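Survey of secondary and tertiary structure
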Amino acid sequence: MKITLVGTGYVGLVSGACFAEFGFEITCVDRDTAKIDALKQGKIPIYEPGLDSLVAQGIKSNRLSFTTDLKTAVKASNVVMIAVGTPSRRGDGHADLTYVYQAAEDIANAIAGYTVVVTKSTVPVGTSRQVAEIIKKTRPNFIEGIHFDVASNPEFLREGSAINDFMRPDRVVIGTNNAKACEILQKLYRPLYLIETPIVSTNPETSELIKYAANGFLAMKISFINQMADLCEKTGGDVQVLAKGIGLDKRIGGKFLNAGPGYGGSCFPKDTRALSQIAEQHGTKCSLIDEVSTYNEKRKSDMANRILIALTDHHAPKKVAILGLTFKPNTDDLREAPSLAIIPELLKNDIEVSVYDPLYFKGCERLNHAISFEESLKEVCFSASAYDAIKNAACVVILTEWNEFRALDMEKVCELMDNTVAPLFMDFRNIYRAEEMRKFRYYGVGKG
Ligand SMILES: NC(=O)c1ccc[n+]([C@@H]2O[C@H](COP(=O)([O-])OP(=O)(O)OC[C@H]3O[C@@H](n4cnc5c(N)ncnc54)[C@H](O)[C@@H]3O)[C@@H](O)[C@H]2O)c1
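Every value quoted in this text rests on a predicted model; they were computed, and no experiment measured them.

Here is what the cut-offs are and how they apply
- Residues numbered from 1 in each chain as written.
- Predicted model: local features only at pLDDT ≥ 70, side-chain atom pairs only at ≥ 80, totals over all residues.
- Near = placed C-beta within 6 Å.
- Helix = DSSP H or I, 4+ residues; strand = E, 2+ residues; numbered from the N terminus.
- Nonpolar A, V, L, I, M, F, W, Y, C, P; charged D, E, K, R; others polar.
- Buried ≥ 20, exposed ≤ 12 C-beta atoms within 10 Å, placed from the backbone.
- Pairing = 2+ DSSP bridges.
- Right-handed = clockwise from strand over helix to strand, strands pointing away.
- Contact = placed C-beta atoms within 7 Å.
- Domains from an automatic or database assignment.

1. Thoughts on the site of the ligand
- Around the ligand, the structure places 27 residues, and the nearest of them are Gly7, Gly9, Val11, Ser121 and Thr122.
- Looking at the shell around the ligand, the elements with two or more residues in it are α1 (10-22) and α5 (98-110).
- Here the residues of the shell around the ligand sort into 10 nonpolar, 10 polar and seven charged.

Structure follows, in structure tokens:
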């Protein structure tokens, strides 16, 4: 079976490389020429553990190739998957479907034989139907069910563990009204039968909703534990013990119960906003999700305020060392990371900010990307190591729980910091225990 992935980003590239590993013939298409040129030379444009060797293996086996020529790729394929971005539309939070619709039109123009057009991007309910309409409008002689079919197959991989998530998913969701298209997609996922991956087959509408419902629920779980953390702080509770106490209840489960600075990334913030908009558009309300989005934005600025309040005992000049820029470890993705809300607040208050992230540090190539992505990062001083960032800082803030921050030499940290006032250590990921941090004024999230 020949498959084309349109959009070679986090989802398209990982899916393409994994499908090639399963034995299918894959072409990854992108309109970004620089990205495709780099991939052809074996250079991976994103950071994702294990992806470089998987892509190299795919290229070597001749089952994985890259092109900007969508037409030729689609013409030769039985299945075409749309994996382009669906960012938040400026102003209203709706999912911006410009890239999906453009891809659908480009695909329609290229289809040569019966093709299943699959939406892998996260899209609002009704989008598969829209994709079918675009194909019919572009090729008026095309009949759905004969020349093409559409299906929804949302992707659930997480950045940082994307390959394992793709190869060993909790479930695969296939949404189509057509038996032939369903059979073809089931064949695509046959390699997962061996590990007994559940396949949820449904109509496109339910499939599209499943993706938003899953992300909405997970975002809600994070916001819930963050609110419990605030309550613990006011009452003398310990949110980590609370999370364990509730998480052991199988109806609740222990995952996604880590209190922190609010969720970020390329999915939860935009997908919760889009879910609220989808509900409103259809004359109903997801008020829980509305509140989750609002609360999460406030959470990020509250965390900046916590730093500012904690620093009020300090005399100017103040320097804060931020450890971790990305929204979670093992990814280079900066989209909606809490750091990008917190750092500008500190700068606005005349705080000097130094930053170290294992993927964004002084002298690394990726830094230009970060600075072009977020203007305020021009004003921070990027360091070459965590200890370098900490030098003369009045406060250290852990924003991302990268492994290399888990065993910092606290003697050294303390010595390097500005010791004119009690050094402040704000552990927004609860990596450390208060007992081992007695040298500092230590703040852990949700520790009363
Ligand atoms: N990133 C994740 O962890 C993740 C997980 C699950 C689902 N998703 C969803 O998957 C979709 C893709 O996300 P992503 O993070 O991979 O996006 P991305 O921004 O990393 O990649 C999208 C790619 O599509 C390309 N593109 C856009 N229009 C195109 C066109 N007409 N033809 C060819 N290429 C085109 C862009 O150049 C870009 O390289 C989104 O809907 C997202 O919500 C993302």
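2. Section: the pairing of strand β1 (residues 2-6)
- A large share of β1 lies buried, amounting to four of its five residues.
- Two elements, β1 and strand β2 (residues 25-29), share five bridges in a ladder whose sense is parallel. Of the residues in β2, the one forming a bridge with Leu5 is Cys28.
- Crossover handedness for the path β1 to α1 to β2: right-handed.
- Across four bridges, the pairing between β1 and strand β4 (residues 79-82) is parallel. Directly across from Val6, in β4, lies its bridge partner Ile82.

3. Quick look at the environment of Val116
- In this structure, Val116 sits in strand β5 (residues 115-119).
- With 75 residues separating them in the primary sequence, Val116 and Gln41 have C-alpha atoms 30 Å apart.
- Excluding residues that lie within four positions of it along the chain, Val116 makes contacts with Asn78, Val79, Asp149, Ala151, Ala181, Ile184 and Leu185.

4. Regarding the domain arrangement of the protein chain
- For the protein chain, the domain assignment lists domain 1 (2-200) and domain 2 (203-448).
- Just the C-alpha atoms count here: the centres of domain 1 and domain 2 sit 32 Å apart.
- If you look at the interface, domain 1 gives 29 residues, while domain 2 gives 25 residues.
- Of all elements in the fold, only α6 (127-138), β6 (148-152) and β7 (172-175) reach the threshold of two or more residues within the side of domain 1 that touches domain 2.
- Broken down by class, the residue content of the side of domain 1 that touches domain 2 amounts to 14 nonpolar, 12 polar and three charged.

5. Structural notes on the pairing of β4
- Burial along β4 is two-sided: the face carrying Val79 and Met81 and the face carrying Val80 and Ile82 are both buried.
- Alignment of β4 against β5, held across four bridges, turns out to be parallel. Looking across to β5, one finds that Met81 is bridged to Val118.
- With α5 bridging β4 and its parallel neighbour β5, the resulting β-α-β unit is right-handed.

6. Some details on the environment of Thr119
- Inspection of the secondary structure assignment puts Thr119 in strand β5.
- Thr119 gets classed as buried once you count the C-beta atoms within 10 Å, which come to 29.
- Spatially, the C-alpha atoms of Thr119 and Val100 are 8.4 Å apart, while their sequence positions differ by 19 residues.
- Those residues within four positions of Thr119 in sequence are excluded, and the remaining contacts are Ile82, Val100, Thr127, Ser128, Val131 and Ser152.

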